[in-house]
Amino acid sequence: MSWYTTYYLGLQDKDKKIIPLGPYDNNHKLKSVISTSRSFTTDLKDLFYPIQDEMVTDELRAEFSCDIDTELRPYFEYLPLKELPTGEWVKSGYYLLSDINTYLASLRDDNTYFEDFYDSLSSTEYAMKLENELKFGKPQPYIDADGWEVKEHACSEYAYFAYPDYECQEYEASLLRTVAGMLKESYNLEDGEQIVVIKTEG
């Protein structure tokens with residue numbers, strides 16, 4: 001069975017009550033900002049708070065009655081927009097040349113599968129590793145505590161690279177802020193009001 005995490009935008013007034021904010025289509029149907037399947041959902045969903053009964057409005061119930069009145073209620077949550085995580089979704093660092101080449105190939109060819117950059121070094125880690133190799137030579141294979149041979153990569157096998165990570169919570173937060181900013185231009189927030197992100201799962 002498919003399981004999706006979906007984010008909408010809402011408005012919370014000074015009494016903590018929440019109404020849907022948008023965006024809406026030309027038929028006045030509320031649209032989600034992000035909807036991802038379980039395989040592509042980030043840990044952003046773990047930052048949300050339960051929507052209490054006293055926060056529910058008629059407008060909210062009209063859009064989300066299924067999430068409010070069924071067993072999905074525990075997955076009906078909110079987060080103030082200002083509490084969204086910050087950070088870069090364009091990741092950079094020193095990555096293995098082999099991984100970089102596979103990543104670039106996957107952009108050109110749908111048959112090339114790239115999973116992730118599992119082996120990476122920060123600029124500081126790379127500089128320390130390079131200094132050590134210049135003094136003592138490239139790392140040699142060694143036997144770990146379990147008797148397995150471990151081969152450590154040399155600096156020459158890495159290169160500096162930057163890429164957009166579309167499957168991180170920073171990217172999702174960026175999308176939500178962008179759409180919220182567009183809606184905010186046409187809505188004047190009063191004292192005590194705030195934009196919130198409404199999350200549903202199911």
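Look a little higher up for the structure.
Residues numbered from 1 in each chain as written. Predicted model: local features only at pLDDT ≥ 70, side-chain atom pairs only at ≥ 80, totals over all residues. Heavy atoms only, no water.

Visitor: Could you give an account of the overall build of the chain, naming the residues involved and the relevant values?
Guide: In terms of helices and strands, the chain carries four helices and eleven strands. The C-alpha atoms of the chain give 23 Å as radius of gyration, which overshoots the globular expectation for 202 residues (17 Å, by more than 25%). Expressed as a percentage of the 202 residues in the chain, the buried residues total 38%. The contacts of the chain with a sequence gap of at least 6 include a subset with a gap of at least 24, amounting to 76%. Of the roughly 12900 Å² that the chain leaves accessible, carbon and sulfur atoms contribute 49%. Here the chain contributes 19 positively and 39 negatively charged side chains, and the mean placements of these two sets differ by 2 Å. (Helix = DSSP H or I, 4+ residues; strand = E, 2+ residues; numbered from the N terminus. Rg over C-alpha atoms; globule rule 2.2 N^0.38 Å. Buried < 20%, exposed > 50% of the residue type's maximum accessible area, 1.4 Å probe, protein only. Contact = heavy atoms within 4.5 Å. Areas by Shrake-Rupley, 256 points an atom, 1.4 Å probe, with all protein chains shown as cover. Lys, Arg positive; Asp, Glu negative; His and termini not counted. Charge placed at Lys NZ, Arg CZ, Asp CG, Glu CD.)

Visitor: Kindly report on the sheet that holds strand β7 (residues 120-121), identifying the contributing residues and their values.
Guide: Within the open sheet, the three strands sit side by side as β7-β6-β10. Their pairing is antiparallel. Two strands bound the open sheet, and with one partner strand each, they are β7 and β10 (158-164). Of the pairings in the sheet, the one linking strand β6 (residues 90-96) to β10 comprises seven bridges and is antiparallel in character. Bridge pairing in β10 links Tyr-94 to Tyr-160. (Pairing = 2+ DSSP bridges.)

Visitor: Help me get a handle on the environment of Lys-31, residues and values and all.
Guide: When you line up the elements, Lys-31 lands in the loop between β2 (18-22) and β3 (34-37). Residue classification places Lys-31 among the partly exposed residues on the basis of a relative accessible area of 38%.

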